[in-house]
Every structure is written in C-alpha cells, then in structure tokens.
Amino acid sequence: MKRNYLYRIYGALILLLGTACTTDRQDECVPCKKTGTVEVRLAEALPPEGLETPLYLFRRNAGTQDEYIYVRSYGPVADGQTFQWPLSEIAASDYRFLMIAQPAGGAWLTLRTADGAPYAPGATWDALRLTSASGSVGPDGYCGFTDLSGAAMQKDGTVRLKLTRIAGQVLFDFFRTGGSVSQPESVISTDVESVIDRVAEIEIEYFDPTVSLRFDENGVLIPAAYAAEPLKQRILPAMENYKVSLPQADKGLEVYDASLRGSLRMEGAYVLPSDSRLRVNLTFTYYDTTPICGNDHAGDHSESCYEQQRMSLALPPAGSQTGLPVAGDCFTVNKAGLRCDRIIDVAVGGSIVTEFDWL
C-alpha cells in the first residue's frame, strides 16, 4: 500500500460478453439469441491481498430514467468466472454494477436499507446504505460502480470499475512553533526527547463519527447517519526515564519532520467520510514534574513519586461552528503548534495553535 498521503487505489473489473457461436451474424445463429456467456476478468490485483470482491447487479428498463433495482449479487467474484444471462434480458435493460471489496473474514461494512433492514433483491439504489454500527472502520475497504446499457454490453461486452478507498484517516501533528503552525521548529531543551515526554497515555475521542453512507446524485458517498456515542482510541507511548523516543510505529507514533527534533505525527483512527461534523477530543495523561514522595527513599524517583495529571485538547477549538471534514481515501491532518517544548508544558503557561490541512 502506497503511503503518498493522497492516493487512489484502482481496480478494473472486465465482463466479457460472448456466445457459443463463431459466426458474426447473430440473425443466422439460433443459440446466440438465447443466452450470452459473461466472463469476469480482474484486470489488476487489488492491494492488499485477501480481499473478497462481491459484485452487485442493478437493473432498470432500457432507455428510461427509472430507479435502478437491486437484482442479485455474485461473489466473491474470481478472475475468469463466467455467468450466463438470457440475451433478451440483456437487451431489455440498462445495468449498474457495484463492487464492495473488503478483507475476507474481517469485513466492517454491511449493506442496509435506509431503515436499517438487510439490503435484499428488489430494493432501490436510493435505499442503499453502507453501514458500520460503531463508526470503527479500517483502511482496506473499497467500492466503485458503473452504468452500462444492455445494448452497449452486447456490442462491446466490457464493464470497467474503478475502486476507491472508502475511509479517510485522521492524523495529528505536534511540534514546537515560533508563533504559528507555519513556523515549526525543533524543541530547544537538550533534556527533551520529544513533545510527548512524560505522557503515559493518550485517549482520543471522535464525536459524531459517520456510521452510514449513501450515494448522492453524483455517485459520491456522503454521510447518512452518525453514531450516538463517541468512537475511542487509546495510545500508550513507551517511555524510558520519562522520555518518549520516536518513532514507535507499532503505536502509530511517527516523526512529523526529521529536520524538526522532537516533532510528532500521531496516527488517528480511520473513519467514514464526514461533512464537517466530526469533533475530536485528545486527553493526555502525564507524570507531573514535581515529586510528591518527599525524597524519603534512596536512588532515583520512581513513577509512584509523581502524580498523574491530565490535559485535554479539543479539535476544532470549542466554539467553532463546524467540525472537521473527512474525505474518503484522504488524510485529514490536524496541526498543533506548541509555544513550548512539551505538551505537558502547555498546562503551566504555554499555549497551542491549531489548524487542519489535507494530505
């Protein structure tokens, strides 16, 4: 999977319409008037491996603007798999082909109707909802659809689908700043390893995450429903002598910019697209710098010598009329510039300036 921050993953599904006849003149070939053989070809493999690729077929009367009706599903569709359809059925209809690709055994999206019922044959396209009950989703989920008339299918026999990642990811960048987020700089103190020194836990709450998507009139997935409860993420940085060295890739803690000593890029959750409704609250639990043990022991201070304190950061800031936008297949980057070396210093006289950006 490429990590170039704004990326598209494309797959192509090719349906080849053929017949049992070798003649080019169908009016002289009786069997050709009865059935057509549809062969499925995956033009290129979807990264990563292990995705199931069911294909959903929709149909309406040829040449009309009627609503597409869900007819049946095939799948998972394998490369080279064939189907047979009556030629009379093909000629009489316009078709819409939808593919949802998810990890085998780990699917996080389900197809539902607007009222929450299972999506079944006979349902309309407008009633289709892609849902995740809690809003917790993953990076490996893709979808795409395309329309093709029956006449075009008979003539060309090829259907192409472009599959795009459904979810977006929230990122958090923290660094010392000279006054604004456009003036990042390295931490100053040689005793500081990173901006999250002494931080024992980071809890991220995502409020109003999208839990259901629908296709708008332009075929774009947009929010249809939101979670009543926040989605929560917990990160436990590894510390040594109360310093947090970066990167810690297994915990989603990376370096924001190698030229900026102590800077942090923290990987947030994958979430469904949001129409500027998502709000995030980060709570940092950290060890205070003043020991409470009274130095009544030999050797260095232990963790029990320090009280744990908490500080919170709301994104966007409290009072903002809109939340954070999240687009599918994109990163929403939230930048936090500290006028001090460490996040824990904000609570004792520092400050934070924030903004969001796209990558």
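This structure is a prediction, so every number in the text was calculated from the model and none was measured.

Caption draft 1: Fine view of the confidence of the model for the protein chain. Confidence in the prediction of the protein chain, expressed as mean pLDDT, is 84, and 83% of residues score 70 or more. When the elements of the protein chain are averaged for pLDDT, strand E1 (residues 13-18) gives the smallest value, 36, and strand E18 (residues 253-254) the largest, 98. Across residues 1-33, where pLDDT falls below 50, the model places 89 contacts with residues more than four positions away in sequence or in other chains.

Caption draft 2: Region of the structure containing the nonpolar core. Ranked by size, the top nonpolar core spans 36 residues in total, and within it Phe-172, Phe-174 and Met-266 carry the most contacts. Mapped by element, the contributors of at least two residues to this core are strand E12 (168-177), strand E14 (199-207), strand E17 (231-235), strand E19 (264-271), strand E20 (274-291), strand E21 (306-315), strand E22 (324-326) and strand E23 (331-338). In terms of residue count, E20 provides more of this core than any other element does, five residues in total. When near neighbours in sequence (up to four residues on either side) are disregarded, Met-266 contacts Val-170, Leu-171, Phe-172, Phe-174, Ile-202, Ile-204, Ile-235, Gly-252, Leu-253 and Leu-282. Grouped together as the second largest cluster of nonpolar side chains are 23 residues, Ala-123, Cys-143, Ile-166 and Leu-272 included.

Caption draft 3: Focus on the side chain of Thr-285. In this fold, Thr-285 is placed in strand E20. Of note is the side chain of Thr-285, whose polar atom sits 3.4 Å from the side chain of Arg-310. Beyond its immediate chain neighbours, meaning those up to four positions away, Thr-285 contacts Arg-198, Val-199, Ala-200, Glu-201, Gln-308, Gln-309 and Arg-310.

Caption draft 4: Layout of the pattern of salt bridges. Evaluation of the coordinates by the stated rule reveals twelve salt bridges. Note that Asp-341 is salt-bridged to Arg-176, the shortest N-O span being 2.8 Å. Here Asp-341 is found in the loop between E23 and strand E24 (352-358), whereas its partner Arg-176 is found in strand E12, with 165 residues between them in sequence. Summarising the burial analysis for this pair, Asp-341 and Arg-176 share the class buried. Residue Glu-205 is joined to Lys-232 by a salt bridge in which the shortest nitrogen-to-oxygen separation is 4.0 Å. Here Glu-205 is found in strand E14, whereas its partner Lys-232 is found in strand E17, with 27 residues between them in sequence.

Caption draft 5: Region of the structure containing the side chain of Ser-194. For Ser-194, the location among the structural elements is in the loop between strand E13 (184-185) and E14. By relative accessible area, which is 1% here, Ser-194 ends up buried. In terms of polar contacts, Ser-194 uses its side chain to reach the backbone carbonyl oxygen of Val-244, at 2.7 Å. Apart from residues lying up to four places away in sequence, Ser-194 is in contact with Val-244, Leu-246, Gly-262 and Arg-342.

Caption draft 6: Spatial organisation of the pairing of E14. Taken together, the eight bridges between E14 and E20 define a ladder with antiparallel strand orientation. Within the sheet, the bridge partner assigned to Phe-207 lies in E20 and is Arg-279. Of the strand pairs in this sheet, E14 and E17 are connected by five bridges, and their pairing is antiparallel. Counted as the bridge partner of Glu-205 is Lys-232 from E17.

Caption draft 7: Fine view of unusual backbone geometry. For the peptide bond that leads from Leu-246 to Pro-247, omega is 5°, which places it in the cis range. Omega for the peptide link from Leu-315 to Pro-316 comes to -10°, which places this bond in the cis form. At Asn-241, a position not held by glycine, the phi torsion is positive, near 55°. You can see Asn-241 is positioned in the loop between E17 and E18. One non-glycine residue with positive phi stands out, namely Ser-276, at about 60°.

Caption draft 8: Highlighting the environment of Ser-274. Assignment of secondary structure puts Ser-274 in strand E20. Among the residues examined, Ser-274 registers a relative accessible area of 8% and is labelled buried. Each C-alpha atom, one on Ser-274 and one on Ala-224, is 9.6 Å from the other, the two residues being 50 residues apart in sequence. For Ser-274, the side chain forms a polar contact with the main-chain nitrogen of Leu-278, separated by 3.2 Å.

The rules behind the values
- Residues numbered from 1 in each chain as written.
- Predicted model: local features only at pLDDT ≥ 70, side-chain atom pairs only at ≥ 80, totals over all residues.
- Heavy atoms only, no water.
- pLDDT = per-residue confidence, 0-100.
- Helix = DSSP H or I, 4+ residues; strand = E, 2+ residues; numbered from the N terminus.
- Contact = heavy atoms within 4.5 Å.
- Core = buried A, V, L, I, M, F, W, Y, C linked by side-chain atoms within 4.5 Å.
- Buried < 20%, exposed > 50% of the residue type's maximum accessible area, 1.4 Å probe, protein only.
- Polar contact = N/O pair within 3.5 Å; in protein donor to acceptor, adjacent residues only side chain to side chain.
- Salt bridge = Lys/Arg side-chain N within 4 Å of Asp/Glu carboxyl O.
- Pairing = 2+ DSSP bridges.

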